[in-house]
Amino acid sequence: MTEKSSKYQRTVKNLGRRNLIVGSIIATFIATSPYLFYLYESVPQTQVWNTFLFTYDSQGWGDANLSMWILTGKAIPLIFLLIWFFTCRHWWYHTLLVPISMYVYQIITLFNEDIFKVDEFQLIYLVPVMAIIVPSIYLIRAQMFSKLNDADKSLQELEDEFRIKPTGLWGKIRQYF
């Protein structure tokens, strides 16, 4: 019996240490996000930006600094939304996929030199995502209120019942594929 309890204590201790490390990384990223946003200021105001890792030619924008400013304006909120999505414990967290897909689409079109207006026709491409997410959220909400009317459960108990609890980041990703 003591061997099982010590094994359990080691597992709990390792999970606590892992959660502390992941939480520290996320908190550090959030705290340094203003500095990450202003990284574009280190990019020269020329069409071609040469570094030791890569060469970026901003043909469509004409200025590498401008395109990196637009990229940081899209990437930082996208990362915040991803953090929120993977750490949210509410039943409605799937609705975060709509703005996530919008920002991903905007970043993809940013690097396509043929498209000059990044934010113009994004709603057309979001319709399939919204066609899946909005009805599924409505159905979950309808099931919750149906059970609320039939039983003597509180809204918090119903949210806990509908909450999906994967084991970690990969568990949450596997849930969608």
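Anything mentioned here points back to the structure above.
Residues numbered from 1 in each chain as written. Predicted model: local features only at pLDDT ≥ 70, side-chain atom pairs only at ≥ 80, totals over all residues. Heavy atoms only, no water.

Draft legend 1. Region of the structure containing a nonpolar patch on the surface. Judged by side-chain polarity, Phe52, Leu53 and Phe54 come together as a nonpolar surface patch covering roughly 420 Å² of accessible area. Along the chain, the position of Leu53 falls in the loop between strand 1 (48-50) and strand 2 (55-57). (Patch = residues over 30% accessible without salt bridge, like charges linked within 9 Å, V, L, I, M, F, W, Y side chains within 5 Å. Areas by Shrake-Rupley, 256 points an atom, 1.4 Å probe, with all protein chains shown as cover. Salt bridge = Lys/Arg side-chain N within 4 Å of Asp/Glu carboxyl O. Helix = DSSP H or I, 4+ residues; strand = E, 2+ residues; numbered from the N terminus.)

Draft legend 2. Representation of the environment of Leu78 in the model. Note that Leu78 resides in helix 2 (residues 64-87). A sequence separation of 26 residues divides Leu78 from Val104, and the C-alpha atoms of the two residues are 7.5 Å apart. With residues near it in sequence (within four places) discarded, Leu78 still touches Ile100, Tyr103, Val104 and Ile107. (Contact = heavy atoms within 4.5 Å.)

Draft legend 3. Examining helix 3 (residues 97-110) more closely. For helix 3, built from 14 residues, the straight-helix expectation of 20 Å at 1.5 Å per residue is met to within 8% by its first-to-last C-alpha distance of 20 Å. Regarding helix 3, the residues found buried are Val98, Ile100, Ser101, Tyr103, Gln106, Ile107, Thr109 and Leu110. (Expected span 1.5 Å × (residues − 1). Buried < 20%, exposed > 50% of the residue type's maximum accessible area, 1.4 Å probe, protein only.)

Draft legend 4. Looking closely at helix 2. A rise of 1.5 Å per residue sets the reference length of helix 2, with its 24 residues, at 34 Å; its end C-alpha atoms lie 34 Å apart and thus fit the reference within 8%. Between the side-chain oxygen at the start of helix 2 and the backbone nitrogen of Asn65 there is a gap of 3.1 Å, and the oxygen is on Asp63. (Polar contact = N/O pair within 3.5 Å; in protein donor to acceptor, adjacent residues only side chain to side chain.)

Draft legend 5. Representation of the packing of helix 2 against helix 3 within the structure. Two numbers describe how helix 2 lies on helix 3: the axes approach to 9 Å, and their chain directions differ by 155°. What the angle tells us is that helix 2 and helix 3 run roughly antiparallel. Judged by the sense of rotation from one axis to the other, the crossing of helix 2 with helix 3 is left-handed. Each of Ser67, Ile70, Leu71, Gly73, Lys74, Ala75, Pro77, Leu78, Leu81, Leu82 and Phe85 in helix 2 lies in contact with helix 3, whose residues at this interface are Leu97, Pro99, Ile100, Tyr103, Val104, Gln106, Ile107 and Leu110. (Axes fitted to C-alpha atoms, helices over the stretch in contact; angles between N-to-C directions. Parallel < 35°, antiparallel > 145°, perpendicular 65-115°, else oblique. Left-handed = near helix turned anticlockwise from the far one by under 90°.)

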